[in-house]
Amino acid sequence: MTCRLKQILLCLCLWAMGSSWAQTYPAHSITLVCPFAPGGSADIMARLIGNKLGESLGVPVVVDNRPGAGGLVGASLVAKAKPDGYTLLLVTGAYPAGAALAKQLSFDPVKDITMVGMVTSYPFILNTSSQAPFKSVPELIAYAKANPGKLNYSSSGIGSIGHLSSELFNVMAGTEMVHIPTKGGSAALNELLAGRIDLLFEAPTLSLPFIKSGKLQALASSGKERSKSWATLPTISEALPGYQVYSFIGLGATAGTPDATVRLINQELKKIVQQADVAKRLVELGGEPQHSSPEEFRQFVEQDLRKWQQLIDVRKIERQ
């Protein structure tokens with residue numbers, strides 16, 4: 001048997017194995033690890049995606065909440081799981097932010113998690129009190145420069161995407177607003193509602209109800225372009241060209257998961273976000289339905305990781 005013929009037979013065997021795996025997967029329930037506590041915006045999305053993916057694949061998708069270390073505890077669990085497609089990770093914008101801040105990781109955030117696909121992306125809203133002395137981003141910048149160190153902002157913790165979004169604003173606007181971290185969850189939002197902080201970057205999921213009720217004032221969104229959901233709200237980039245921060249929701253799997261399985265889940269995600277009720281729900285939660293290939297999603301995450309690493313170095317934020 002020639003070497004060439006052996007190579008052809010090997011390729012055929014590998015193709016057959018991949019096809020067989022795709023046809024038999026999934027044979028039992030799937031675990032979707034949500035790296036945040038129950039009740040938050042990530043948990044809401046995990047259960048929405050999990051329910052729909054379970055319906056699509058014909059097996060239960062069980063959400064397993066594993067909070068800790070800004071989402072890295074859950075990610076570590078998936079990174080070390082068996083690479084068979086039965087343990088998935090809810091990947092959010094907090095993933096590259098937390099990985100950028102980490103002093104030491106027990107896994108490689110790029111090599112040990114295979115990105116499967118994005119489901120939605122959404123900008124943050126820059127919120128303040130309805131009684132604040134500024135009503136726009138230019139007014140905020142002018143006030144902050146005239147009163148250095150007087151304004152403060154909160155976040156769900158050091159290295160959270162809310163923290164880094166605010167520090168990126170400081171760098172680009174030339175302001176010095178003070179960070180007051182909280183212990184996560186909705187604590188930062190409660191601090192703003194109580195009047196103990198001045199500003200907060202928050203996901204639309206949590207802040208929109210308070211904006212609609214008049215308890216909070218939305219200054220701008222962090223997206224590149226105005227959101228279709230609130231077209232009258234300006235973007236920060238209209239005052240600070242180049243400013244852009246998006247959070248996102250997608251799925252990841254343990255590195256080494258068969259490519260056929262990754263592609264299968266990716267295509268199911270595409271079908272899910274095209275469902276009218278899902279698309280409507282994603283918009284209600286402040287996002288836009290998205291679909292990306294595994295390669296596109298990996299590039300998106302890697303770009304965010306580099307951006308936050310550079311910012312952390314510039315602002316000399318101590319890695320945790």
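As shown above, the structure is provided for reference.
The text that follows walks through the structure, step by step, so that each part is easy to find. Note that the structure is a prediction, hence the values are computed from the model and not measured.

**Remarks on the side chain of T120**
With respect to the helices and strands, T120 occurs in strand β4 (residues 113-123). Taking relative accessible area as the criterion, T120 reaches 2% and is therefore assigned buried. In terms of polar contacts, T120 uses its side chain to reach the backbone carbonyl oxygen of E288, at 2.9 Å.

**Topic: a nonpolar patch on the surface**
Taken together, the side chains of V171, M172 and V314 define a hydrophobic patch exposed on the protein surface, amounting to about 230 Å² of accessible area. Tracing the backbone through its elements, the reader meets V314 in helix α11 (residues 294-314).

**Digging into the side chain of D304**
Within the element layout of this structure, D304 appears in helix α11. Setting aside residues up to four positions removed in sequence, D304 forms contacts with P96, Y246 and F248.

**Brief notes about the sheet that holds strand β8 (residues 199-202)**
The strand order across the open sheet built from 5 strands is β7-β6-β8-β5-β9, with neighbouring strands paired in mixed fashion. Every interior strand has two partners, whereas the edge strands, β7 (178-181) and β9 (216-221), have only one. Across the sheet, the axes of successive neighbouring strands diverge by a mean angle of 30°, strand direction being ignored. Bridging between strand β6 (residues 152-155) and β7 involves 4 bridges; their strand directions are parallel. Bridged to Y153 within β7 is H179. Contacts between helix α6 (residues 161-173) and the sheet are confined to β5 (125-129), β6, β7 and β8, with β6 contributing the most and set at about 150° to the helix.

Reading the values: the criteria
Residues numbered from 1 in each chain as written. Predicted model: local features only at pLDDT ≥ 70, side-chain atom pairs only at ≥ 80, totals over all residues. Heavy atoms only, no water. Helix = DSSP H or I, 4+ residues; strand = E, 2+ residues; numbered from the N terminus. Buried < 20%, exposed > 50% of the residue type's maximum accessible area, 1.4 Å probe, protein only. Polar contact = N/O pair within 3.5 Å; in protein donor to acceptor, adjacent residues only side chain to side chain. Patch = residues over 30% accessible without salt bridge, like charges linked within 9 Å, V, L, I, M, F, W, Y side chains within 5 Å. Areas by Shrake-Rupley, 256 points an atom, 1.4 Å probe, with all protein chains shown as cover. Salt bridge = Lys/Arg side-chain N within 4 Å of Asp/Glu carboxyl O. Contact = heavy atoms within 4.5 Å. Pairing = 2+ DSSP bridges. Axes fitted to C-alpha atoms, helices over the stretch in contact; angles between N-to-C directions.

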